[in-house]
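Chain residues, written in single-letter form:
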Amino acid sequence: MKRFVAQGYDLPFINNTAISGGKKWTIKEKLLLGLTPSQYMDQFVRNPFNWLFTLIFMVGLPILAGRFYYGLGWATHGSYDYPWGLFLGWGLFVMVPLSASGFMLGTTVEVFGREDFKPIERLALLNGLLGYLFAVIFLQVDLGQPWRLIYPMFVSLGPAAVLFLVAWHVATYLSVQVAELLPAVAEWGNWPGMKKFVKSMILGLTISGIILSTLHQGALGALFTYAPGKVHPLWYSSPFQWFYFFCSSIFAGLSMLIVVSTLCKRFLSWRCDRRFLDNLDHQTMGLAKGAVLSLITYLVIKIIAIAHAENWAYLVTGWGGYYLLEICFGVLLPIVLYTKALRNNRPGLARFAALVTVLGIALNRINTALVAFNWNLYREIPHWREVIISITVYTLYIVTYRFILYRLPILYQIKAKP
Amino acid sequence: MKNLLDRRKFLKGGLASGVLASVLGTGKKAFAEHSFGGYPNSMGVLVDLSKCIGCRTCEAACNKEQEMPAPDKPFDDMSVFDEIRHGQKRRTSEKTHTVVNRYDVPGHDGPVFRKFQCNHCNEPGCLSSCFVNAYTKTPEGAVVYNEKVCVGCRTCMIACPFYVPAYKYSSPINPVITKCKMCYDTRLKNGRPPACVEACPQEVMTFGKRRDLIKLGHERIQKNPGKYIDHIYGEKEVGGTAWMYLSSVPFAEVGFNTELGDQPIVNYVKEFLTVVPMVLTIWPALFTGFHLLAKRKENQKESQKATTPSDRNA
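It should be emphasised that the depicted structure is a prediction, and the values quoted were computed from it without experimental measurement.

### Structural notes on the overall build of chain A
Moving on, step 1. Across its full length, chain A holds 18 helices and two strands.
Moving on, step 2. Computed over its C-alpha atoms, the radius of gyration of chain A comes to 22 Å, within 12% of the 22 Å expected for a compact globule of 418 residues.
Moving on, step 3. By its C-alpha atoms, chain A is 70 × 55 × 40 Å across when sized along the principal axes.
Moving on, step 4. Within chain A, contacts between residues separated by at least 24 positions form 79% of all contacts whose residues are at least 6 apart in sequence.

### Structural notes on the overall build of chain B
Moving on, step 1. The helix and strand inventory of chain B stands at eight helices and nine strands.
Moving on, step 2. Considering only contacts within chain B whose residues lie at least 6 apart along the sequence, 65% involve residues at least 24 apart.

### Examining the sheet that holds strand β9 (residues 243-246) of chain B
Residue and element names in this part refer to chain B.
Moving on, step 1. In spatial order, the strands read β8-β1-β9; together these three strands make up an open sheet with mixed pairing. The sheet is open, and its two borders are formed by β8 (205-209) and β9, each paired with just one other strand. Pairs of neighbouring strands in the sheet enclose a mean axial angle of 25°, with direction left out of account.
Moving on, step 2. Sheet topology places strand β1 (residues 43-48) next to β9; four bridges connect them, and they run parallel. Directly across from Leu46, in β9, lies its bridge partner Met244.
Moving on, step 3. Strands β1, β8 and β9 of the sheet are contacted by helix α6 (residues 210-223), whose axis makes an angle of about 135° with β8.

### Considering the pairing of strand β3 (residues 112-116) of chain B
Residue and element names in this part refer to chain B.
Moving on, step 1. Counting buried residues along β3, five of its five residues qualify, which places the element largely inside the surrounding structure.
Moving on, step 2. A two-sided burial pattern is seen for β3, the buried positions comprising Val112, Arg114 and Phe116 on one face and Phe113 and Lys115 on the other.
Moving on, step 3. The sheet contact formed by strand β2 (residues 99-103) and β3 spans five bridges and is antiparallel. Residue Val100 lies in a different strand from β3, and its bridge partner there is Lys115.

### A word on helix α15 (residues 274-309) of chain A
Residue and element names in this part refer to chain A.
Moving on, step 1. Its 36 residues place the ends of α15 52 Å apart at the C-alpha level, agreeing with the 52 Å of an ideal helix rising 1.5 Å per residue.
Moving on, step 2. Along α15, the largest kink reaches about 50° and is centred on Leu280.
Moving on, step 3. Directly after α15, the chain includes Glu310, whose backbone phi takes a positive value near 50°.

### Focus on the environment of Val80 of chain B
Residue and element names in this part refer to chain B.
Moving on, step 1. On the secondary structure map, Val80 appears in the loop between α2 (57-65) and β2.
Moving on, step 2. Here Val80 falls in the buried class, since 20 other C-beta atoms lie within 10 Å of it.
Moving on, step 3. In contact with Val80, other than residues within four places in its own chain, are Lys73 and Arg90.

### Focus on the interface of chain A and chain B
Moving on, step 1. Chain A puts 56 residues into the contact, and the matching count from chain B is 62 residues.
Moving on, step 2. Residue assignment for the side of chain A that touches chain B shows that the elements contributing at least two residues are α4 (48-70), α5 (72-75), α10 (151-155), α11 (162-189) and α13 (202-222) of chain A.
Moving on, step 3. With ten residues, α13 of chain A is the largest single contributor of residues to the side of chain A that touches chain B.

### Here's the deal with unusual backbone geometry
Moving on, step 1. The phi dihedral of Glu310 of chain A is positive, around 50°, even though this residue is not glycine.
Moving on, step 2. Turning to its location among the elements, Glu310 of chain A is positioned in the loop between α15 and α16 (318-343).
Moving on, step 3. For Glu310 of chain A, a count of 9 C-beta atoms within 10 Å gives the class exposed.
Moving on, step 4. Here Tyr163 of chain B, not a glycine, exhibits a phi torsion of approximately 55°, which is positive.
Moving on, step 5. Take Tyr163 of chain B: it is sitting in the loop between α4 (155-159) and β6 (166-167).
Moving on, step 6. With 17 C-beta atoms counted inside 10 Å, the residue Tyr163 of chain B sits in the partly exposed group.

### Brief notes about the packing of α13 of chain A against helix α14 (residues 241-267) of chain A
Residue and element names in this part refer to chain A.
Moving on, step 1. In the contact formed by α13 and α14, the axes pass within 7 Å of each other and the chain directions differ by 130°. As far as their axial angle goes, α14 and α13 are oblique. As α13 packs across α14, the resulting crossing turns out to be right-handed. Of the residues in α14, those in contact with Thr214, Gln217, Gly218, Ala219, Leu220, Gly221 and Ala222 of α13 are Gln241, Trp242, Phe243, Tyr244, Phe245, Phe246 and Ser249.
Moving on, step 2. By residue class, the composition of the contact of α13 with α14 is eight nonpolar, six polar and no charged.

### What to know about the environment of Tyr151 of chain A
Moving on, step 1. By the element assignment, Tyr151 of chain A lies in helix α10.
Moving on, step 2. Apart from residues no more than four positions distant in its own chain, Tyr151 of chain A is found in contact with Ser156 of chain A together with Val132, Val149 and Val151 of chain B.

### Things to note about the packing of helix α9 (residues 118-142) of chain A against helix α18 (residues 384-407) of chain A
If you want to describe how two helices pack, look at the angle between their axes and the distance between the axes.
All names here are of chain A.
Moving on, step 1. Close contact between α9 and α18 brings their axes to 10 Å; oriented N to C, the two are set at 150°. As the angle between them shows, α9 and α18 are arranged roughly antiparallel. Handedness of the crossing formed by α9 with α18: right-handed. Every residue of α18 that contacts α9 at Leu126, Leu130, Phe134, Ile137, Phe138 and Val141 is listed here: Ile389, Val393, Tyr397, Thr400, Tyr401 and Ile404.
Moving on, step 2. Split by residue class, the contact of α9 with α18 holds eleven nonpolar, one polar and no charged.

### A closer look at the environment of Glu259 of chain B
All names here are of chain B.
Moving on, step 1. For Glu259, the position within the fold is in the loop between β9 and α7 (265-306).
Moving on, step 2. Residue class for Glu259 comes out exposed when judged on the 11 C-beta atoms lying within 10 Å of it.
Moving on, step 3. Distance in space between the C-alpha atoms of Glu259 and Val238 is 9.9 Å, their sequence separation being 21 residues.

### Comments concerning the confidence of the model for chain B
All names here are of chain B.
Moving on, step 1. Per-residue pLDDT for chain B has a mean of 85; in total, 85% of the residues score no lower than 70.
Moving on, step 2. In the model of chain B, helix α1 (residues 2-33) stands out as the element of lowest mean pLDDT, 45, in contrast to β9, which has the highest, 96.
Moving on, step 3. Below a pLDDT of 50 lies the segment residues 310-314, which in the model reaches one contact outside its immediate sequence neighbourhood of four places, other chains included.
Moving on, step 4. Interface confidence for the predicted complex, expressed as ipTM, amounts to 0.88; the pTM equals 0.88.

### Here's the deal with the nonpolar core
Moving on, step 1. Phe138 and Val162 of chain A are the most contacted members of the largest nonpolar core, which has 198 residues in total.
Moving on, step 2. Filtering out sequence-adjacent residues up to four positions away, Val162 of chain A remains in contact with Ala219, Ala222 and Leu223 of chain A together with Val269 and Phe272 of chain B.

### Some points on α2 of chain B
Residues spaced three or four apart along an α-helix point in a common direction, a consequence of the helix completing one turn every 3.6 residues.
Residue and element names in this part refer to chain B.
Moving on, step 1. Within α2, the full set of buried residues consists of Cys58, Glu59, Ala61, Cys62 and Asn63.
Moving on, step 2. Elements in contact with the buried residues of α2: β2, β3 and α5 (195-199).
Moving on, step 3. Count one or two residues on from α2 and you reach Glu67, which has phi positive near 50°.

What counts, and where the lines are drawn
Residues numbered from 1 in each chain as written. Chains lettered and ligands numbered in written order. Predicted model: local features only at pLDDT ≥ 70, side-chain atom pairs only at ≥ 80, totals over all residues. Helix = DSSP H or I, 4+ residues; strand = E, 2+ residues; numbered from the N terminus. Rg over C-alpha atoms; globule rule 2.2 N^0.38 Å. Contact = placed C-beta atoms within 7 Å. Pairing = 2+ DSSP bridges. Axes fitted to C-alpha atoms, helices over the stretch in contact; angles between N-to-C directions. Buried ≥ 20, exposed ≤ 12 C-beta atoms within 10 Å, placed from the backbone. Expected span 1.5 Å × (residues − 1). Bend = angle between axes of the 7 residues up to and from the residue. Parallel < 35°, antiparallel > 145°, perpendicular 65-115°, else oblique. Left-handed = near helix turned anticlockwise from the far one by under 90°. Nonpolar A, V, L, I, M, F, W, Y, C, P; charged D, E, K, R; others polar. pLDDT = per-residue confidence, 0-100. Core = buried A, V, L, I, M, F, W, Y, C linked by C-beta atoms within 7 Å.

In structure tokens form, the structure reads like this:
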């Protein structure tokens, strides 16, 4: 795409204007990015990532189909001791905190009135929406009977269960996020009425987003409080588990946003406008500040929880060593890196810190859900088909993400007048 | 004036989200306050491990009663006692609701056998974790499961401290949880003991009212000094279970988890459940406050810019 832009092709909205040469873009032009079908194929073939994605889909999609045809026992180990594997361990417990960016930035801009974060707000919202959407898709892959997904809503209600809360909140929050992103769709499709309608309730949406997010991020942690004794005591805390998950979702979401915006700047610069690119360093530092504060809070609460449960003795065991490794890599190292970046005003270092944080949070969730789970039984290595399906669904997420970034005004603005 | 309007619009939004949130939250609030100690006249089974000879008759009886698929190895094949998977002895699976395992306890003459199935907790973890209410604790004492509403999230398997529920992973279209139901629909509901209890040639298991069984168990311990460990496993564990055990060897040596504590599983979750209504009520007000503060500063700045000092004095 960069090449087309360099050649001076008139791509939709490339100059932030809704009109090109006196007429408006048609939907087809908008979808094909103003290229002819053959030009579109050209750029598709030229991009090496597309080859990789195609390969993944060619291998992965049949296996994904096989999971529904032959059942979970074919795609996974079908373990009774580890009922949750990678689909939830990665797809739900890692993807949801990384998608906390939506409510974080929504709060910052709409509630706290920090208009200076506006250029990155939509990317944060999109990151949130897609993360949740694909967490639900991962869930659908994992559920034994996915066609019954609406049962907890309408057919048979178990309101006392933590998962009931997760189901309702994720469903509600998904719709909130769709609503929050409707303005972007409205601008792209040139449907001004829709935008006006959403704008009128954006504050209410944002506030309900905070409530829903606090609770379901926390609830994902609280799911593990059902398993005292199964989750290793260092990763388990009945009073604090929800706060571990909620607090860490803050820096997880912010760091993921830094990572994604960095990727956009690097690979999608043709689609970003000056407003996005010129503000990015400033915003990265702002996000880094938020991340480091929540990282420190998280570290403190982790230490308090160990003291509270008098778990110190566990720290000198093998599990304790692994736990300290996770804390050092996923919490302490990011704190040091972020602090250095902030002190010396080095956005590049902050971006690296963000990457470490994202990996650290993934490690923490995988550890809680899989590694430290059944700590006194045995470890289970996921089935190869399970791994491939997870990669395939995640690739689907990346492709969808890119498809939307190419088109909707997320990284750029559409101005009514040139 | 503009400021006032903004504020009103905002409060409306805040109120709306508050209402939405409280509608979603009512059920959880109610739960955090109520506690359930078990039905007074519920039935139970007392298992005396010292009597078990490991004949697996109970396994066969269960298989027949519940119309389970044929086992991989026949019920008179004792080589199953040597089966080890992932370092673990046999457990319940989609093919069997109950298993007997053999333990060689140092210092004890001959092996000890332990029958294992759903313990039918007074306050079951599976039940409290289920978001479609598929589980029911019946007044007779059984924990039964309704496969018609099960979505297959398998949280009950996470929540069960005894690793009991299994899942029919092999079925692509109707995978369901499989576990012992204490023969509820065929026997217990009519006052009859479960099939395994009746089939046992050694009378290892005693069927009766749970509270009577507790008395019986303690009597047996007292009347046979030195024979039993002075503890009925299941009397208090995780809030008490309908199936309880007497053993002549330490429970930890025959596969029992002795570190479960007496709290029912749901108590560990209550700490979070009490947070829910707090967030639902405090958050809207708190963030409304933040918003008003942020807006106020902005408005002040704007009005400072707009008005000259002389205007303000006037």
